[in-house]
Every structure is written in C-alpha cells, then in structure tokens.
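Each chain, letter by letter, is given below.
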Amino acid sequence: MKIVWNEGGRVLYASIMDRLAETGSSWQKNTVITLLSRLVDKGLLTTSKIGRRNEYAAAVTQEQYQAAQTRTLLNKLYRGEAKNLVMTLVQQDLLTEEDYEEVKAFWDAGRNKL
C-alpha cells in the first residue's frame, strides 16, 4: 500500500516490483500477486487492465487506512479505550519529548476550537 500511495494512488504492477527491488526486497512474483489480490478482496485496492498490464489504485487514503487500523488496535488491545494506549506510550517511554510537545500542541489547538 505504501508503494501505491507514494506513487500518487495509482501504480502498475511492474512499478511495484521495481520499487520492491530498489528497497532490496526479494519478493517473488507469486507472493506479490497474492498480496495484491488480497488487498483487492479487502477493498483496499482496485485493479484495471491497461492493455496487457495491471494497474492498481488505492481505494482508501493512507489516513483512512491508519485510522481504521488504529481503531482495530484500540478495540483488540485496549477495549476501545484510547487513554490506555496513550498511557502505555508514556509509561514505556515510546514518546520522545518532541513527540509529547507536538501532541500537546495538537491537543491544545483542538481544545481552543470547542
């Protein structure tokens, strides 16, 4: 999905294989095809033919995907309670001082809009 998003939301199969090779990944053709088929089945990608080539297009934005995955994580691990996730991040020192300041500024900006 990152390759598709990085390519502007649409990408040819050959370009996906090229990008994987550039990163040093040694994914086999059948593995990539299987993964792409599963992403299509899940509604995350659409596919179309351009001549004999397959083009894949993102059906969701990266932000939509991240939001959905975050909700899934919250429900699975924290029973839907975001505060418990945040507490874990703080208690385990997973937020840098810069992260904390950025989140705090975001929070304060949001509160001022209420």
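Residues numbered from 1 in each chain as written. Predicted model: local features only at pLDDT ≥ 70, side-chain atom pairs only at ≥ 80, totals over all residues. Heavy atoms only, no water.

A.B. asks: What is the right way to look at the side chain of Glu55 in this model?
C.D. replies: Following the sequence through the fold, Glu55 ends up in strand 3 (residues 53-58). Glu55 gets classed as buried once you look at its relative accessible area, which sits at 14%. Not counting residues up to four positions away in its chain, the partners in contact with Glu55 are Arg10, Val11, Leu12, Thr46, Thr47, Ser48 and Ile50. (Helix = DSSP H or I, 4+ residues; strand = E, 2+ residues; numbered from the N terminus. Buried < 20%, exposed > 50% of the residue type's maximum accessible area, 1.4 Å probe, protein only. Contact = heavy atoms within 4.5 Å.)

A.B. asks: I tried to follow helix 4 (residues 62-78) on my own but got confused; where do I start?
C.D. replies: The end-to-end C-alpha separation of helix 4 is 23 Å, in line with the 24 Å expected for 17 residues at 1.5 Å each. At the exit of helix 4 stands Arg79, carrying a positive phi of roughly 50 degrees. (Expected span 1.5 Å × (residues − 1).)

A.B. asks: Where do I start with the packing of helix 2 (residues 13-22) against helix 3 (residues 29-41) in this structure?
C.D. replies: Interhelical geometry of helix 2 versus helix 3 gives an angle of 120 degrees and a closest axis separation of 11 Å. Overall, the two elements helix 2 and helix 3 adopt an arrangement that is oblique. In terms of crossing hand, the pair formed by helix 2 and helix 3 is right-handed. The residues of helix 3 that touch helix 2, namely those facing Tyr13, Ile16, Met17 and Leu20, are Lys29, Val32, Ile33 and Leu36. For the contact of helix 2 with helix 3, the class distribution of residues is 7 nonpolar, no polar and 1 charged. (Axes fitted to C-alpha atoms, helices over the stretch in contact; angles between N-to-C directions. Parallel < 35°, antiparallel > 145°, perpendicular 65-115°, else oblique. Left-handed = near helix turned anticlockwise from the far one by under 90°. Nonpolar A, V, L, I, M, F, W, Y, C, P; charged D, E, K, R; others polar.)

A.B. asks: I keep staring at the pattern of salt bridges and nothing clicks. Help me out?
C.D. replies: Once the charged atoms of two side chains with opposite charge are near each other, the side chains can pair. By the definition in use, this model includes 5 salt bridges. A salt bridge links Arg19 to Glu22; the shortest N-O distance between them is 3.5 Å. Pair noted here: Arg19 and Glu22 are both in helix 2, with a separation of 3 residues, about one helical turn. Looking at Arg19, the relative accessible area reads 26%, which means it is partly exposed. You can call Glu22 exposed: its relative accessible area is 62%. As a salt-bridge pair, Asp108 and Lys104 come within 3.1 Å of each other at their nearest N and O atoms. Here Asp108 pairs with Lys104, and both are found in helix 6 (residues 97-112), just 4 residues apart, close to one helical turn. Judged by its relative accessible area of 30%, Asp108 falls in the partly exposed class. With a relative accessible area of 37%, Lys104 lands in the partly exposed category. Taken together, the shared-partner salt bridges in this structure form one network comprising Glu7, Arg19 and Glu22. (Salt bridge = Lys/Arg side-chain N within 4 Å of Asp/Glu carboxyl O.)

Any functional reading would require information that these geometric values do not contain.
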